[in-house]
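Below are the chains, spelled out letter by letter.
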Amino acid sequence: MIPFDVPDEFVHWSPEAEGGVIGGLLVGGAEAFDAVADLLAPDDFHGTLHAAAFAAVQSLVLAGQAVDLVAVYEELRRTGTEADLQRLHEFTHHFVGTRVLRQHAQLVADRAVSRSLQRAADDVRGIAADVATPVADRISQSQARLERVQQVKGKAEPQKVETFVVGFLDRLQQIADGKVQPGIPTQIPALDAMFGGGIKPGKQVIIAARPSIGKSSLAQQICLNVARQGHAAALFSMEMGCAELTDRAVANLGRVALDGIATGKLDPDQWSRVTDAVENVRDLPLFFDEQPAMSLGDIVAKARALKRKHGLKLLAIDYLQLCSSGKSGDSRHHQIEEISRGLKSLAKQLDITIVTLSQLNREVEKRTSGRPVLSDLKESGAIEEDADAVLMLWRHQVLQGGNVIGCAVPKNRQGRVGEFALHFEGAYQRWTESTESLAAPARNNGGSSRFTKGEF
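Residues numbered from 1 in each chain as written. Predicted model: local features only at pLDDT ≥ 70, side-chain atom pairs only at ≥ 80, totals over all residues. Heavy atoms only, no water.

Draft legend 1. Expanded view of the overall build of the chain. Check the secondary structure of the chain and you find 15 helices and 10 strands. Per-residue burial for the chain yields a buried fraction of 47% across its 456 residues. For the chain, the exposed surface amounts to about 22600 Å²; the carbon and sulfur share of it is 52%. (Helix = DSSP H or I, 4+ residues; strand = E, 2+ residues; numbered from the N terminus. Buried < 20%, exposed > 50% of the residue type's maximum accessible area, 1.4 Å probe, protein only. Areas by Shrake-Rupley, 256 points an atom, 1.4 Å probe, with all protein chains shown as cover.)

Draft legend 2. Looking closely at the pattern of salt bridges. Tallied over the full model, the rule gives 14 salt bridges. We note a salt bridge from glutamate 279 to arginine 282, for which the minimum N-O separation is 3.2 Å. One end of the pair, glutamate 279, and the other, arginine 282, are both in helix H12 (residues 268-282), three residues apart, so they sit about a helical turn from each other. (Salt bridge = Lys/Arg side-chain N within 4 Å of Asp/Glu carboxyl O.)

Draft legend 3. Fine view of the side chain of glutamate 419. Considering the arrangement of structural elements, one finds glutamate 419 in strand S8 (residues 417-425). Assessed through its relative accessible area of 11%, glutamate 419 is described here as buried. Polar contacts involving the side chain of glutamate 419 include one to the side chain of arginine 371, which spans 3.1 Å. (Polar contact = N/O pair within 3.5 Å; in protein donor to acceptor, adjacent residues only side chain to side chain.)

Draft legend 4. Main features of helix H13 (residues 296-310). Its 15 residues give H13 an end-to-end C-alpha distance of 21 Å, which sits within 8% of 21 Å, the value for a rise of 1.5 Å per residue. In the core, the buried residues of H13 are packed alongside helix H6 (135-147), strand S2 (233-237), strand S3 (286-290), strand S4 (314-318) and helix H14 (332-350). Glycine 311 sits one or two residues past H13 and shows a positive phi near 70°. (Expected span 1.5 Å × (residues − 1). Contact = heavy atoms within 4.5 Å.)

Draft legend 5. Broad picture of unusual backbone geometry. Its identity is not glycine, yet serine 212 carries a phi of approximately 70°, on the positive side. Structurally, the position occupied by serine 212 is in the loop between strand S1 (204-209) and helix H9 (215-227). By relative accessible area, which is 65% here, serine 212 ends up exposed. One non-glycine residue, aspartate 351, lies in the positive phi region at around 60°. Residue placement: aspartate 351 occurs in the loop between H14 and strand S5 (353-359). Given a relative accessible area of 44%, aspartate 351 falls into the partly exposed group.

Draft legend 6. Expanded view of the nonpolar core. Counting residues in each nonpolar core, the largest one holds 47 residues, and the members touching the most others are Ile207, Leu218, Leu314, Leu391, Leu393, Phe420 and Leu422. Considering every element that reaches this core, the biggest residue donor is H9, with seven residues. Every residue in contact with isoleucine 207, bar those within four places of it in the chain, is listed here: Lys215, Leu218, Ile222, Val355, Thr356, Leu357, Ser358, Leu391 and Leu393. (Core = buried A, V, L, I, M, F, W, Y, C linked by side-chain atoms within 4.5 Å.)

Draft legend 7. Quick look at the packing of H6 against H13. Axis separation between H6 and H13 bottoms out at 8 Å; the angle between their running directions is 70°. Between H6 and H13, the crossing angle belongs to the class labelled roughly perpendicular. Residues Ala136, Asp137, Ser140, Gln143 and Glu147 of H6 form the contact with H13, whose participating residues are Gly297, Asp298, Val300 and Arg304. Here the contact of H6 with H13 is composed, by residue class, of two nonpolar, three polar and four charged. (Axes fitted to C-alpha atoms, helices over the stretch in contact; angles between N-to-C directions. Parallel < 35°, antiparallel > 145°, perpendicular 65-115°, else oblique. Nonpolar A, V, L, I, M, F, W, Y, C, P; charged D, E, K, R; others polar.)

Draft legend 8. Structural view of a nonpolar patch on the surface. Together, Val161, Phe164, Val165, Phe168, Leu169 and Leu172 line one region of the surface with nonpolar side chains, adding up to about 570 Å² of accessible area. In this fold, phenylalanine 164 is placed in helix H7 (residues 161-176). (Patch = residues over 30% accessible without salt bridge, like charges linked within 9 Å, V, L, I, M, F, W, Y side chains within 5 Å.)

Draft legend 9. Quick look at the packing of aromatic side chains. Inspection of the entire model under this criterion finds three aromatic pairs. Plain terms: the ring middles of phenylalanine 33 and phenylalanine 54 are 5.7 Å apart, the flat faces sit at 40° to each other, and that makes the pair tilted. Of the two residues, phenylalanine 33 sits in helix H1 (residues 15-36) while phenylalanine 54 sits in helix H2 (residues 48-62), which places them 21 residues apart along the sequence. With relative accessibility at 6%, the residue phenylalanine 33 sits in the buried group. According to the relative accessible area criterion, phenylalanine 54 is buried, its value standing at 0%. (Phe/Tyr/Trp six-rings, centres within 6.5 Å; stacked < 30°, edge-to-face > 60°.)

See below:
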């Protein structure tokens, strides 16, 4: 019988399965290792000798050396692990074939996940007991800790490219036939063209501008347009209350001046349009939330609930620099970096699009053109790094009936970069694509967008 180092406390592990895997590797060598390498790592073994022996086999295989009993023994000695040939030889008695070896490896991997889950549960109990930390942050930390539990890896062999080409052609045909949308349209044609058909899940889009340009309003317009197509959208605001957001939504859909809604001074026709707009808003899968200085934990908890209950597709955060970190000892740069990367991770986890608004620094105001660049993003380079696409706004021209807002897209993974013009009717908080040219400040009827070759 093989002597296993079983600790006194109860743990989730199978000494027989671990010994069987090591025995199989000692007998089968590199071929046996290839059969289980996608499932196991040294840390997946609970037995000290088992883990060291697997690491020794792994080192020998990666170095292109032969794997046998003596070679593993010498590798263990080289790394300072106590072992003897007799003990290693006893492992080989348990080898019964490559097929069973794979089953043993799966059992070892399963038990490793079980132990990882136990440790995570212990950590969560500690987090829950930390009453000095806000409840929302404790929930977020607990969720993050559980998500780090190592999942069992499935066997994934390299596949010939023709496998993916077949799927590509099927998907392309479905898009061409109108059976599948390439994305959810923002209903701003130039932007949808740059995004390859619309916003896509798992992506973080940054909308950046100086104050009073209209980035909050543009984000709400995109949320409205997405919700009107039947997709759940949410706007979390740290600047405006839900009542103000509702006023803007009604003004937008009813084409009723916002100041008239604020004062209640409306003529009969405007009252009729307001009533119709209210009925339209009531039926939309659109959600507002107002909370000053939201933490990443607050955002994560609210977004998860919306995803679970309503199938959230789009989340807008207004705006990044108003978020709180809960870590007063960190620099603001590091706090923004943590929040930005947390939002990117959330987009991938929930398979949603997150539109994050961001301030620009004052350097942009020193330029004659007023055009912002990526280095103008305020407080952290991580904002640019974590973003899949960056939209930068500036006021290009003031016209009767609205402003022409320039929109540059200097970064866009899997899409085009360039710039185009938007028309912003502030009275109605309404955004559409503009027919104005950004080539010169003077008004003309040039093309509404200008694309350049960019990232694909």
